[in-house]
Amino acid sequence: MRRALFAATAFLSLAPIGQTALAAEDAPEAPYIDDRSSAEAVVRSLYSAINRHEFARAWGYFGDTKPAKDFDSFVKGYDGTDKVEVETGAVSDEGAAGSIFYNVPVAIRATDKTGGEKVFAGCYTLRQVNAQIQAAPPFDPIHIEKGALKPSTADFEEALPPSCGDGPPPPKKDTALEQARKAFLATYGDQCDKQFLANEPEGFSIKYKDRNAQPGDPDKETRLFHFSCSAAAYNESSVYYMTDEVDGVRQLQFAEPETDIRYENNDSDGKLLSVTVIGFHTTGWATNSDYDPDAHTITTFNKWRGIGDASDSGTYLFRNGDFSLVQYDVDASYDGEENPQTVVDYNTAP
């Protein structure tokens, strides 16, 4: 399929020409990104260079067709620019004569030294020449062929074009998921194992009838997100977030009984005499947990030692928009067998 290319200049002047270019020592501290592994990465690298006022590096991301008549004009085009934020969208690609061309939707928010902001949006075209046919140096990496950004009246968050050329529209943002992830990282980003932080949570949609619903009222929906946080020798800890249109995002809290456990001669390896519930508390942690979408229950299972012969476990039932403790079992006998006793039971009638 022939891809739609655009005829426009890639050079974007963000401030009036004639002001003094920023000296290197005045450049703001910004992340250094120099990545040519994908079309999107090249665009982000370009604006990393612009943010750091490393204009020779920015110039180098373009191919033979440069973004201005000469390098000095390119640099002067950013006089007065303090920083530039960039967002990229769904990338389309098409092969042609030993090359792959990419179209990248782009939106930027440019902030000048006085704090004024302008939003621009458009498309970049990039080219990747097949490395196997490049027999002699210099090597031609993926580079920007051309680009066109125009002023946008939309907010920066809404300015990104849905697609460029024949590219697919970007996936619809899952606002609830993003809010839950943000809350999880803000609270547990420094506590959880690093390998879990980048993982996508398990997500579930729970639809139900409100107890006060009238005939014909639509179902309500609660979203449930399960984030793994840490793993030890035999227990894995997780946290759950719920979100709905009334309460927004909130972390799920689990009720647990406090117990008084008595052993013969106060020896936990001896005979178990009694397990008595003396109160309740709540926790945001769920150990070795699982959500059953058919039963609408979250179960937990906390091993007190590796073989699992001593443990506690809870069952939490979703009803009318929240989870409630309905059963709690405790196996306090270190006897090599799994023989829990139920200490809380709201499943059966009194």
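Quick look at the sheet that holds strand 15 (residues 311-319)
Taken in spatial order, the 5 strands make up an open sheet running 13-14-15-16-17, and their pairing is antiparallel. The open sheet has two free edges, formed respectively by strand 13 (290-292) and strand 17 (341-345), since each of these has just one partner strand. Each strand axis lies, on average, 20° off the axis of its neighbour in the sheet, ignoring direction. Strand direction decides the pairing type here: strand 13 and strand 14 (residues 297-303), joined by 3 bridges, are antiparallel. Looking at strand 14, one finds that Asp-290 is bridged to Thr-299.

A closer look at the packing of aromatic side chains
If you walk through the whole model with that rule in mind, you get 19 aromatic pairs. Aromatic pair Tyr-208 and Phe-318: ring centres 5.2 Å apart, planes at 75°, arrangement edge-to-face. In this pair, Tyr-208 is assigned in strand 6 (residues 202-208) and Phe-318 in strand 15, connecting sequence segments 110 residues apart. Side by side, Tyr-208 and Phe-318 carry an identical accessibility label, which is buried. Where Tyr-291 meets Phe-323, the ring centres are 6.1 Å apart and the plane angle is 85°; that geometry is what we call edge-to-face. With Tyr-291 in strand 13 and Phe-323 in strand 16 (residues 322-331), this pair connects stretches of sequence that are 32 residues apart. One aromatic cluster is present, formed by Phe-55, Trp-59, Phe-62, Phe-71, Phe-74 and Tyr-78 through successive ring pairs.

Structural notes on the side chain of Ser-99
As for its position among the elements, Ser-99 is in strand 3 (residues 99-112). A relative accessible area of 4% places Ser-99 in the buried class. Only 2.9 Å separates the side chain of Ser-99 from the side chain of Arg-127, close enough to count as a polar contact. Not counting chain neighbours up to four residues away, the residues in contact with Ser-99 comprise Glu-94, Arg-127, Gln-128 and Val-129.

Focus on the state of the cysteines
Linking two cysteines covalently through their sulfur atoms gives a disulfide. For the structure shown, the criterion picks out 2 disulfides. Residue pairing for Cys-123: its cysteine sulfur links by disulfide to Cys-164, the two sulfurs lying 1.9 Å apart. Linking Cys-123 and Cys-164, the disulfide has an S-S dihedral of approximately -85° and is accordingly described as left-handed. Taken together, the residues Cys-123 in strand 4 (residues 117-129) and Cys-164 in the loop between strand 5 (143-151) and helix 4 (175-188) connect sequence positions 41 residues apart. Across this residue pair, the class does not change: Cys-123 and Cys-164 are buried. The disulfide that involves Cys-192 links it to Cys-229, with 1.9 Å between the sulfurs. Disulfide Cys-192 to Cys-229: torsion about the S-S bond roughly -100°, handedness left-handed. You can see Cys-192 sitting in the loop between helix 4 and helix 5 (194-197) and its partner Cys-229 sitting in strand 7 (residues 220-231), a full 37 residues away along the chain. Residue Cys-192 is classed as buried on the basis of its relative accessible area of 5%.

Describing the environment of Lys-113
Here Lys-113 lies in the loop between strand 3 and strand 4. In this structure, the C-alpha to C-alpha distance between Lys-113 and Thr-81, residues 32 residues apart in sequence, is 6.0 Å.

Some remarks on helix 4
Relative to the 20 Å expected for 14 residues at 1.5 Å per residue, helix 4 spans 20 Å between its end C-alpha atoms, a close match to the ideal helical length. Taken residue by residue, helix 4 has Ala-176, Leu-177, Ala-180, Arg-181, Phe-184 and Tyr-188 as its buried positions. Down the axis of helix 4, the sector holding all buried residues measures 130°, keeping them to one side. Every exposed residue of helix 4 that faces more than 90 degrees away from the buried side is listed here: Lys-182 and Ala-186. Of the surrounding secondary structure, the elements contacted by the buried residues of helix 4 are helix 5, strand 7, strand 8 (236-244) and strand 9 (248-251).

Analysis parameters
- Residues numbered from 1 in each chain as written.
- Predicted model: local features only at pLDDT ≥ 70, side-chain atom pairs only at ≥ 80, totals over all residues.
- Heavy atoms only, no water.
- Pairing = 2+ DSSP bridges.
- Helix = DSSP H or I, 4+ residues; strand = E, 2+ residues; numbered from the N terminus.
- Axes fitted to C-alpha atoms, helices over the stretch in contact; angles between N-to-C directions.
- Phe/Tyr/Trp six-rings, centres within 6.5 Å; stacked < 30°, edge-to-face > 60°.
- Buried < 20%, exposed > 50% of the residue type's maximum accessible area, 1.4 Å probe, protein only.
- Polar contact = N/O pair within 3.5 Å; in protein donor to acceptor, adjacent residues only side chain to side chain.
- Contact = heavy atoms within 4.5 Å.
- Disulfide = S-S within 2.5 Å.
- Expected span 1.5 Å × (residues − 1).
- Arc of directions from axis to C-beta.

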